[in-house]
Amino acid sequence: MACTALGAAPAAAQHNARPRIVSVRSQQPGQQPASRSAAAPASPAVPAVGWLWDKKSADTRKRLQQADIKPKKSLGQNFMLDDGVLSSIVEAAGVQPGDLVLEIGPGTGNLTRHLLAAGALVTAVEKDYALSDQLADEFAAVPQLRLVCSDILRQDLPQLLAGMHQHAAELAQQAQQAQQQGTASASGERQQDVQQPAAAEQQEQAQQPQQGQRPKVKVVANLPYYITKDCLVQMLPLGDRISDLYFMLQDEVGVRLTQVDPGAADWRAMNILTLYYCRPQYLFRIDRRKYHPAPKVHGCVVRFKLTPPAERLDVPNEAGFAALVKKAFSQRRKVARNSLRPLYEPGEVAAALAACGLSEDARAQDLTLEQFGQLAWALQRQGEGRDGGAAQQPEQQQAEGQQ
Ligand SMILES: C[S@@+](CC[C@H](N)C(=O)[O-])C[C@H]1O[C@@H](n2cnc3c(N)ncnc32)[C@H](O)[C@@H]1O
């Protein structure tokens, strides 16, 4: 396992981030985990699963006591005790050998073990140093796990995801070298340079596809409830690099994000923005007693299937659209023409709503994603007509208003 501190946030965000290297146990080229033969196939290795099951998730309480570690409420530490639930999540996520999986908060490694057993190449980001140290020891012989000891919310995500592709390329290269060494020694030949340098370089380039062709990452996590929204805001826009998020959430939040319709009191800006970026699906509920310590509320698993940027609803401007939606919901009881002040004059909003075939008295909570999209275009067209083409987007107006 490689344990590192990668993808540190920009300087302004580094206060308190303190990512650090716990340990680095580098793999010698060609060296494989003990369980693998030298003549491994030239693809990322899959660990033998036997030892993974030496530790049962149900024993978490006992193992924490032995290590003298108390669950920290401040870090949302509610460990999953049920291996059945964990394997259901990995199965629902369709994890296949060689898949790239980002895990947030591996904790005592309960979900991590299931992901590795399914053959995933896992990058796990854990904020708690004590737990990171434990994981670094436990998974020392597993190069398929890359452990990042840091706060996920302070990570430069594109950099973290790029590091996952690099990790996969390194493992593939090691497997290939091991295979070549195995073949050479089996045939009794002397090890020779069988490739010209240029050919080796070409092969390496072929193994490192460009961004658009790279396989997308899956994110699978038993999240601390208090960072759910921030993680969604951070990850939902990355549909060009992430295929799906499989999150264990507070049940009430999962229901609110997946089972509320326009017009309901619980229809919020987060519903509109979630639907803009993905298709959310409630998978199953998890009894609160399956966690240690048991939280006050039940959990659930939700799949967020991310929409690639080119397939999202067409809006005049993404940041402007998000600002429009948030402003419209900022005073939920008011009709939209009033809640959208001062971004737009009430008369402008009423005219735009009418142009979309909507009631002038519509409230934000009455509107669907598509209707918000139509409203954004109607407001844009009106602005262009009024300003002779120099219409401002809401975020521009906001920025100027703050000056
Ligand atoms: C709900 S526990 C889940 C632990 C483990 N995955 C399981 O299923 O048993 C959440 C984990 O996230 C870690 N964590 C909390 N905040 C974090 C953050 N901002 N970044 C990364 N990890 C975090 C906690 O230390 C804890 O290990």
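What counts, and where the lines are drawn
Residues numbered from 1 in each chain as written. Predicted model: local features only at pLDDT ≥ 70, side-chain atom pairs only at ≥ 80, totals over all residues. Helix = DSSP H or I, 4+ residues; strand = E, 2+ residues; numbered from the N terminus. Contact = placed C-beta atoms within 7 Å. Domains from an automatic or database assignment. Nonpolar A, V, L, I, M, F, W, Y, C, P; charged D, E, K, R; others polar. Near = placed C-beta within 6 Å. Axes fitted to C-alpha atoms, helices over the stretch in contact; angles between N-to-C directions. Parallel < 35°, antiparallel > 145°, perpendicular 65-115°, else oblique. Left-handed = near helix turned anticlockwise from the far one by under 90°. pLDDT = per-residue confidence, 0-100. Buried ≥ 20, exposed ≤ 12 C-beta atoms within 10 Å, placed from the backbone. Pairing = 2+ DSSP bridges. Right-handed = clockwise from strand over helix to strand, strands pointing away. UniProt positions renumbered as here; feature names shortened; annotations may be inferred. Core = buried A, V, L, I, M, F, W, Y, C linked by C-beta atoms within 7 Å. Arc of directions from axis to C-beta.

## Points about the overall build of the protein
Secondary structure summary: the protein contains 14 helices and ten strands in total. Within the protein, residue pairs in contact and separated by at least 24 positions form 70% of the contacts whose partners lie at least 6 positions apart.

## Observations regarding the domain arrangement of the protein
Here the protein is described as being made up of domain 1 (48-178 + 193-311) and domain 2 (318-393). Counting from both sides, the interface comprises nine residues of domain 1 and, opposite them, ten residues of domain 2. Residue composition of the side of domain 1 that touches domain 2, grouped by class: seven nonpolar, one polar and one charged.

## Notes on the site of the ligand
Inspection of the region around the ligand gives 24 residues, with Phe79, Gly105, Gly107, Lys127 and Asn222 positioned closest. Listed by contribution, the elements that provide at least two residues to the shell around the ligand are strand E2 (79-80), helix H3 (110-117) and strand E4 (121-126). Tallied by class, residues from the shell around the ligand come to twelve nonpolar, eight polar and four charged.

## Thoughts on the packing of helix H2 (residues 83-92) against H3
Packed helix pairs are characterised by how far apart their axes lie and by the angle those axes make with each other. Orientation of H2 relative to H3, taken along the N-to-C sense of each, is 45 degrees, at an axis distance of 9 Å. With respect to H3, the axis of H2 lies oblique. Handedness of the crossing formed by H2 with H3: right-handed. Residues Leu86, Ser87 and Val90 of H2 touch H3, and the partners they reach there are Asn110, Leu111, His114 and Leu115. Across the contact of H2 with H3, the residue classes break down as four nonpolar, three polar and no charged.

## A closer look at the confidence of the model for the protein
The share of residues in the protein with pLDDT of 70 or more is 76%, and the mean pLDDT across the chain is 82. Segment residues 191-203: pLDDT under 50, and two contacts once partners within four positions in sequence are set aside and those in other chains are kept. In the predicted structure, residues 399-403 sits below a pLDDT of 50 and forms one contact with residues beyond four places in sequence or in another chain. Scoring the predicted complex yields pTM 0.82 and, for the interface, ipTM 0.99.

## Structural notes on the pairing of E4
Counted residue by residue, E4 has six buried out of six residues, so it is predominantly covered. Neither face of E4 is left uncovered, since the one carrying Leu121, Thr123 and Val125 and the one carrying Val122, Ala124 and Glu126 both have all their residues buried. With five bridges connecting them, strand E3 (residues 100-104) and E4 associate as parallel partners. Looking at E4, one finds that Ile104 is bridged to Val125. The parallel pair E3 and E4, bridged by H3, forms a crossover whose chirality is right-handed.

## Thoughts on the packing of helix H9 (residues 269-277) against helix H10 (residues 318-330)
As a packed pair, H9 and H10 sit with axes 9 Å apart at the nearest point and diverge in direction by 160 degrees. By the angle class used here, H9 and H10 are roughly antiparallel. In this structure, H9 crosses over H10, and the sense of that crossing is right-handed. Along the contact surface, H9 presents Ala269, Ile272 and Leu273, while H10 presents Ala322, Val325, Lys326 and Phe329. Taken together, the residues of the contact of H9 with H10 break down into six nonpolar, no polar and one charged.

## Focus: the UniProt feature "binding site: S-adenosyl-L-methionine" (unreviewed entry) in the protein
Annotation from UniProt places "binding site: S-adenosyl-L-methionine" (unreviewed entry) at Asn78, Met80, Gly105, Glu126, Asp151 and Asn222. The topology assignment puts Asn78 in the loop between helix H1 (60-66) and E2. The exposure class assigned to Asn78 is buried, which follows from the 21 C-beta atoms found within 10 Å. Structurally, Gly105 is set in the loop between E3 and H3. Since 23 C-beta atoms lie within 10 Å of it, Gly105 is described here as buried.

## Observations regarding the pairing of strand E7 (residues 242-250)
Across the nine residues of E7, seven count as buried, placing the element largely inside the fold. Pairing of strand E6 (residues 217-222) with E7, which is carried by six bridges, proceeds in the parallel orientation. From the neighbouring strand, Lys218 faces E7, where its bridge partner is Asp244. Taken together, the seven bridges between E7 and strand E10 (residues 299-306) define a ladder with antiparallel strand orientation. Its bridge partner lying in E10, Met248 is registered against Val301.

## A short note on the nonpolar core
With 91 residues, the main nonpolar core has Leu115, Val219, Val220 and Val325 as its most contacted residues. At eight residues, helix H5 (residues 157-186) tops the list of elements feeding residues into this core. Formed jointly, this core draws a minimum of three residues from each of two domains, domain 1 (48-178 + 193-311) and domain 2 (318-393).

## Quick notes on H2
Turning to H2, its buried residues are Val85, Leu86, Ile89 and Val90. The arc that holds the buried residues of H2, viewed along the axis, is 135 degrees, so those residues lie on one side. Residues of H2 that are exposed and point over 90 degrees away from its buried face: Gly84 and Glu91. Considering only its buried residues, H2 is in contact with E2, H3, E6, E7, strand E8 (278-286) and E10. One or two positions beyond H2, positive phi appears at Gly94, with a value near 60 degrees.

## Some thoughts on unusual backbone geometry
Between His292 and the following residue, Pro293, the backbone shows a cis peptide bond with an omega angle of -10 degrees. Position of Pro293 relative to the elements: it lies in the loop between strand E9 (291-292) and E10. Look at the link from Arg341 to Pro342: it is a cis peptide, with omega at 0 degrees. When you line up the elements, Pro342 lands in the loop between helix H11 (336-339) and helix H12 (346-355).

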